[in-house]
Amino acid sequence: MKALMKNQKFTRFWNRFFTYAFLILLSVIILYPLLITASSAFRESNIVSFQLDFHSHWTLDNFRQLFTQTLYPEWYKNTLIIAVATMVLQIVIVTLAGYTYSRYRFKGRKYSLVFFLIIQMVPTMAALTAFYVLANILNALDTYWFLTLLYVGGGIPMNTWLMKGYFDTVPRDLDESARIDGAGHLRVFWQIVLPLVKPMLAVQALWAFMGPFGDYLLAKFLLRTPEHLTVAVGLQQFISNPTQQKVTLFAAGAILAALPICILFFFLQKNFVSGLTSGGTKG
């Protein structure tokens with residue numbers, strides 16, 4: 001018996017050891033690039049490469065230069081407009097589509113879901129030429145609305161599947177009980193089912209908002225005027241010239257670009273909770 005207990009303690013010790021070792025390694029992998037970026041952003045003078053150095057004098061001049069000597073404010077505003085519009089449109093469309101596929105049976109339902117998966121397999125690179133031709137036809141080059149629609153359309157297929165799967169976890173007994181009490185389709189959706197899928201709505205909102213901040217390819221391909229660029233495309237100009245790289249400005253801009261995403265994450269984190277449906281059926 002003592003040998004068995006000793007063996008169990010030994011096993012638990014090594015399980016904890018490897019778990020904490022993995023978490024520490026993962027933290028280093030994640031935090032190290034962030035520390036390098038922060039260190040470079042607050043450097044007093046420009047540097048030719050990213051460096052982790054906390055001994056040099058720190059200053060806010062790089063952030064001042066971004067807003068006084070570059071087009072960064074315009075890029076920031078453009079990205080925020082596109083990100084907010086993408087988030088709102090994608091949440092509305094994906095939520096309605098996911099609820100429809102989850103709760104209703106109609107002709108072509110199965111094949112359309114399969115079609116969504118097939119579309120998702122096509123990489124963005126393969127459709128760049130088609131996007132450019134379509135933008136030319138619609139006279140939509142260098143416009144925000146066309147780029148926003150591409151972001152929304154690109155997120156619909158897979159996110160519709162995710163929303164449908166989450167709606168499927170909400171018991172249909174809630175719908176039937178509400179209809180017995182006289183609730184219509186819209187009321188069942190808005191007051192009964194929708195509050196129970198807030199965790200997935202929060203995830204969808206965060207993903208949709210992050211997309212325009214991190215995308216470089218589509219924005220670079222479709223936006224032409226320097227004042228109309230997004231943050232990702234604009235920042236790339238600081239390091240695109242090997243002989244005149246502005247690493248400190250790039251790092252400062254990258255830190256500021258992450259702030260809206262962090263703020264939205266902390267605002268939505270209270271909704272990142274699973275198991276709400278189990279509480280909705282009790283009592």
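Residues numbered from 1 in each chain as written. Predicted model: local features only at pLDDT ≥ 70, side-chain atom pairs only at ≥ 80, totals over all residues. Heavy atoms only, no water.

Trainee: Looking at this model, I keep getting lost on the UniProt feature "transmembrane region" (unreviewed entry) in the chain. Mind explaining?
Mentor: Here the UniProt-annotated "transmembrane region" (unreviewed entry) positions come out as residues 20–42, 80–101, 113–138, 144–167, 188–210 and 247–268. Split by type, residues 20–42 is 96% helix and 0% strand. Its first and last C-alpha atoms lie 32 Å apart. Measuring from the first to the last C-alpha atom of residues 80–101 gives 31 Å, for a span that is 100% helix and 0% strand. (UniProt positions renumbered as here; feature names shortened; annotations may be inferred. Helix = DSSP H or I, 4+ residues; strand = E, 2+ residues; numbered from the N terminus.)

Trainee: Any chance you could explain the pattern of salt bridges here in plain terms?
Mentor: A side chain with one charge can pair with a side chain of the opposite charge if their charged atoms come near. Throughout the structure, instances matching the rule amount to three salt bridges. Linking Arg103 and Asp175 is a salt bridge whose minimum nitrogen-to-oxygen distance equals 2.7 Å. Residue Arg103 is found in helix α3 (residues 72–103), and its partner Asp175 is found in helix α7 (residues 172–180); the two are separated by 72 residues along the sequence. Like Arg103, the residue Asp175 is buried in the burial classification. Put simply, Asp168 and Lys164 hold a salt bridge, and the shortest N to O gap is 2.8 Å. With Asp168 and Lys164 both in helix α6 (residues 144–168) and four residues apart, the pair spans about one turn of that helix. Residue Asp168 is classed as partly exposed on the basis of its relative accessible area, which comes to 38%. (Salt bridge = Lys/Arg side-chain N within 4 Å of Asp/Glu carboxyl O. Buried < 20%, exposed > 50% of the residue type's maximum accessible area, 1.4 Å probe, protein only.)

Trainee: Can you walk me through the packing of aromatic side chains in this structure?
Mentor: Where two aromatic rings form a pair, the distance of their centres and the angle of their planes describe that pair. Tallied over the entire structure, the rule returns 17 aromatic pairs. Grouped by ring-pair contacts, the aromatic residues Tyr99, Tyr104, Phe167 and Phe189 constitute a single cluster. (Phe/Tyr/Trp six-rings, centres within 6.5 Å; stacked < 30°, edge-to-face > 60°.)

Trainee: Would you mind going over the nonpolar core with me for this structure?
Mentor: Most often, soluble globular proteins keep nonpolar side chains buried together rather than apart. Ranked by size, the top nonpolar core spans 39 residues in total, and within it Leu66, Tyr72, Leu147, Phe209, Leu218, Leu222 and Val231 carry the most contacts. At the level of secondary structure, the elements contributing two or more residues to this core comprise α2 (61–69), α3, α5 (124–137), α6, α9 (198–214), α10 (217–222), α11 (231–239) and α12 (247–268). When neighbours within four sequence positions are excluded, Leu147 is seen to be in contact with Ile82, Leu218, Ala219, Leu222 and Leu223. Ala178, Ala183, Val188 and Val197 belong to the second-largest nonpolar core, a separate cluster that totals 19 residues. (Core = buried A, V, L, I, M, F, W, Y, C linked by side-chain atoms within 4.5 Å. Contact = heavy atoms within 4.5 Å.)

Trainee: I keep staring at the UniProt feature "domain: ABC transmembrane type-1" (unreviewed entry) in the chain and nothing clicks. Help me out?
Mentor: Look at the UniProt record and you will see "domain: ABC transmembrane type-1" (unreviewed entry) annotated at residues 76–268. In residues 76–268, the share of helix is 78% and the share of strand is 0%. The end C-alpha atoms are 22 Å apart.

Trainee: When you look at α9 in this model, what are you seeing that I'm missing?
Mentor: In an α-helix there are 3.6 residues to a turn, and that puts residues three or four apart on one side. With 17 residues, α9 extends 24 Å between its outermost C-alpha atoms, agreeing within 8% with the 24 Å of an ideal straight helix rising 1.5 Å per residue. Among the residues making up α9, those that are buried are Pro199, Met200, Leu201, Ala202, Gln204, Ala205, Leu206, Ala208, Phe209, Pro212 and Phe213. (Expected span 1.5 Å × (residues − 1).)

Trainee: I tried to follow the environment of Leu96 on my own but got confused; where do I start?
Mentor: As for its placement among the helices and strands, Leu96 is situated in helix α3. When the C-alpha atoms of Leu96 and Thr160 are compared, they prove to be 8.8 Å apart, with 64 residues separating the residues in sequence.

Trainee: What exactly am I supposed to notice about unusual backbone geometry here?
Mentor: Note: most residues except glycine have negative phi, and most peptide bonds are trans. A positive phi is found at Asn139, a non-glycine position, where the angle reads about 55°. Examined against the element boundaries, Asn139 turns out to sit in the loop between α5 and α6. Under the relative-accessibility criterion, Asn139 is labelled exposed at 67%. Located in the positive-phi region is Asp142, a residue other than glycine, with phi close to 65°. Within the secondary structure, Asp142 sits in the loop between α5 and α6.

Trainee: Just checking my understanding: could you explain the environment of Pro73 for this structure?
Mentor: For Pro73, the location among the structural elements is in helix α3. Look at Pro73 and you get partly exposed, because its relative accessible area is 25%. With 154 residues separating them along the chain, Pro73 and Glu227 place their C-alpha atoms 9.4 Å apart. Other than its neighbours up to four places away in sequence, Pro73 contacts Leu66 and Phe67.

Trainee: Hey, could you run me through the packing of helix α4 (residues 109–120) against α6 in this one?
Mentor: Geometry of a packed helix pair, given as the angle between the helix axes and the separation of the axes. Direction vectors running N to C along α4 and α6 enclose 130°, while the axes themselves pass 8 Å from each other. Accordingly, the angle class assigned to the pair α4 and α6 is oblique. Where α4 crosses over α6, the handedness of that crossing is left-handed. Of the residues in α6, those touching α4 at Arg109, Leu113, Phe116, Leu117, Ile119 and Gln120 are Gly154, Pro157, Met158, Thr160, Trp161 and Lys164. Here the residues of the contact of α4 with α6 sort into seven nonpolar, three polar and two charged. (Axes fitted to C-alpha atoms, helices over the stretch in contact; angles between N-to-C directions. Parallel < 35°, antiparallel > 145°, perpendicular 65-115°, else oblique. Left-handed = near helix turned anticlockwise from the far one by under 90°. Nonpolar A, V, L, I, M, F, W, Y, C, P; charged D, E, K, R; others polar.)

Trainee: Quick question: what am I supposed to make of the confidence of the model for the chain here?
Mentor: Close reading of the predicted structure is inappropriate where its pLDDT is low. Per-residue pLDDT for the chain has a mean of 86; in total, 91% of the residues score no lower than 70. Mean pLDDT in the chain bottoms out at helix α13 (residues 276–280), which sits at 39, and peaks at α3, which reaches 96. This model gives residues 275–283 a pLDDT under 50, and the stretch forms ten contacts once residues within four places in sequence are excluded. (pLDDT = per-residue confidence, 0-100.)

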